[in-house]
Amino acid sequence: FLEEHGLEYAVTVEDLQIHKEMDFIVKSYPRLVSAVKIGHSFENRLMYVLKFSTGKGRRRPAIWLNAGIHAREWIAPATAIWTARKIACDYGRDLVITSILKKMDIFLLPVANPDGYVYTHTHNRLWRKTRSVNPGSPCIGTDPNRNWNSHFGGAGTSRDPCSDMYHGPRPHSEVEVKLVADFIADHGNFKCFIDLHSYSQLVMYPYGYTTMRAGDADELDTVAQNAANAMASLSGTQYRVGSVGSAIYTSSGNSVDWAYDNGIKYAFIFELRDTGFYAFTLPADQIIPTAQETWLGLKTIMEHVQNS
Ligand SMILES: O=C(O)[C@H](Cc1ccccc1)CC(O)(O)C[N+](=O)[O-]
Ligand SMILES: [Zn+2]
């Protein structure tokens with residue numbers, strides 16, 4: 001049919017519901033929110049960032065909120081898209097977010113690994129990595145939280161393409177990582193990088209490649225503890241706090257070590273709900289409660305950044 005009608009055979013990739021909601025938020029708040037499309041994934045899906053900005057000027061101090069780098073951690077993109085609408089709705093109403101946006105821009109990437117995210121909906125709910133091809137191996141994908149150009153290939157990573165911790169053939173080999181890293185480096189004025197994962201209920205800061213304390217560890221620990229306290233204030237959910245290396249395990253090439261090494265002092269990773277009962281398959285009725293408590297933690301950090 002397509003041949004005889006001369007139509008191009010369009011390679012359709014499943015659209016993400018979340019991208020449709022992002023379009024809707026851009027349309028609903030055109031003066032505050034814009035779509036920044038930083039490129040495409042390995043399987044040619046949009047890498048779609050929302051920019052929240054009240055001012056002109058391309059290089060206002062900025063905050064990067066990242067989610068969904070690991071495909072199976074569905075609560076992270078869900079929390080991120082709820083947060084997108086919360087920022088838009090509360091600007092002009094909530095004193096803290098209004099004052100933050102007066103001086104800073106916020107960039108939000110709800111699905112940082114779109115190929116993996118779709119794959120968890122269509123083939124394997126517990127998929128973690130990207131979906132890139134590994135030449136010479138039957139195994140697909142690289143762990144995008146081991147692929148950043150920071151102590152690449154060090155502790156807590158694997159060189160085996162079949163491993164869930166495979167660091168990839170080289171730093172930023174994954175286009176999904178490269179696009180974010182290049183965007184942040186080119187912008188050059190990011191003050192804060194927050195990466196949403198699940199599960200374990202943790203608020204962590206660098207370093208992950210070592211248990212050695214980062215230069216700013218004392219300040220970051222205080223900020224993280226304040227965030228955890230704010231999150232617990234809503235319905236008592238307990239978040240532990242610490243450096244990645246000490247709170248869980250050493251793992252090199254992760255996003256916050258890269259951000260911190262590239263001058264973004266306020267670099268945090270959140271491990272959202274729960275502590276293992278449902279694990280990655282957190283029931284949908286916990287999405288909004290998780291997003292609401294996480295928002296209190298995010299505001300705590302962003303307020304500190306704005307005043308620093
Ligand atoms: O292994 C990971 O990348 C995170 C732990 C982590 C978090 C921050 C920096 C380095 C590692 C754990 C998780 O979110 O991926 C959950 N999991 O183990 O699947
Ligand atoms: Zn993760």
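The structure under discussion appears in the preceding block.
Small disclaimer: the values here were computed from a predicted structure and weren't measured.

**Student:** Teacher, can you tell me more about the state of the cysteines here?
**Tutor:** One way to say it: the disulfide is the covalent bond shared by the sulfur atoms of two cysteines. In this structure the tally under the stated criterion is one disulfide. The disulfide bridge from C139 ends at C162, spanning 2.0 Å between sulfur atoms. Its torsion about the S-S bond being 90 degrees, the disulfide of C139 and C162 is classed as right-handed. Here C139, found in the loop between α4 (114-122) and α5 (175-187), pairs with C162, found in the loop between α4 and α5; they are 23 residues apart in sequence, far enough to count as distant. In this structure C162 comes out as partly exposed when scored by relative accessible area, which is 41%.

**Student:** Could you clarify how one ought to interpret the pairing of strand β2 (residues 46-52) in this entry?
**Tutor:** Strand residues, when the strand is regular, have side chains that alternate between the two faces of the sheet. The buried count for β2 comes to six of seven residues, which makes it a mostly enclosed element. Inspection of the sheet shows strand β1 (residues 33-40) paired to β2 by seven bridges, in the antiparallel sense. Paired with K37 across the bridge in β2 is Y48. Where β2 and strand β4 (residues 105-109) come together, three bridges link them in antiparallel fashion. For K51, the partnering residue across the bridge sits in β4 and is F107.

**Student:** Explain the coordination of the zinc ion (ligand 2) to me, please; I cannot follow it from the model alone.
**Tutor:** Angles at a metal have ideal values that depend on geometry: 109.5 degrees with four tetrahedral donors, 90 or 180 degrees with six octahedral donors. Within the protein, the zinc ion (ligand 2) binds to H70 (ND1), E73 (OE), E73 (OE) and H197 (ND1); these donor distances fall in the range 2.1 to 2.3 Å. The sequence pattern formed by the donor residues of the zinc ion (ligand 2) is H-x2-E-x123-H. Taking relative accessible area as the criterion, H70 reaches 2% and is therefore assigned buried. Residue E73 is classed as buried on the basis of its relative accessible area of 3%.

**Student:** What's the story with the site of ligand 1 in this structure? I'm lost.
**Tutor:** The full set close to ligand 1 counts 17 residues, and R128, R146, Y249, S251 and E271 are the nearest of them. Separating an oxygen atom of ligand 1 from a side-chain N or O atom of H70 is a distance of 3.0 Å. Here an oxygen atom of ligand 1 and a side-chain polar atom of R72 are 2.8 Å apart. Against a free-state accessible area of 430 Å², the protein chains account for coverage of 93% of ligand 1. A molecule is said to occupy a pocket when more than half its atoms come within 2 Å of that pocket's grid points, and by this definition ligand 1 occupies the largest pocket. Secondary-structure elements contributing two or more residues to the shell around ligand 1 are β5 (190-198) and β8 (266-272). Among the residues making up the shell around ligand 1, the classes are represented as six nonpolar, six polar and five charged.

The rules we used
- Residues numbered from 1 in each chain as written.
- Chains lettered and ligands numbered in written order.
- Predicted model: local features only at pLDDT ≥ 70, side-chain atom pairs only at ≥ 80, totals over all residues.
- Heavy atoms only, no water.
- Disulfide = S-S within 2.5 Å.
- Helix = DSSP H or I, 4+ residues; strand = E, 2+ residues; numbered from the N terminus.
- Buried < 20%, exposed > 50% of the residue type's maximum accessible area, 1.4 Å probe, protein only.
- Pairing = 2+ DSSP bridges.
- Donors = N, O, S within 2.8 Å, 3.2 Å for Na, K, Ca; no water.
- Near = heavy atom within 4 Å.
- Polar contact = N/O pair within 3.5 Å; in protein donor to acceptor, adjacent residues only side chain to side chain.
- Areas by Shrake-Rupley, 256 points an atom, 1.4 Å probe, with all protein chains shown as cover.
- 1 Å grid on protein atoms, 1.4 Å probe; cavity = no way out; pocket = protein on both sides within 12 Å on 5 of 7 lines; lining within 4 Å.
- Sits in = over half its atoms within 2 Å of the grid points.
- Nonpolar A, V, L, I, M, F, W, Y, C, P; charged D, E, K, R; others polar.

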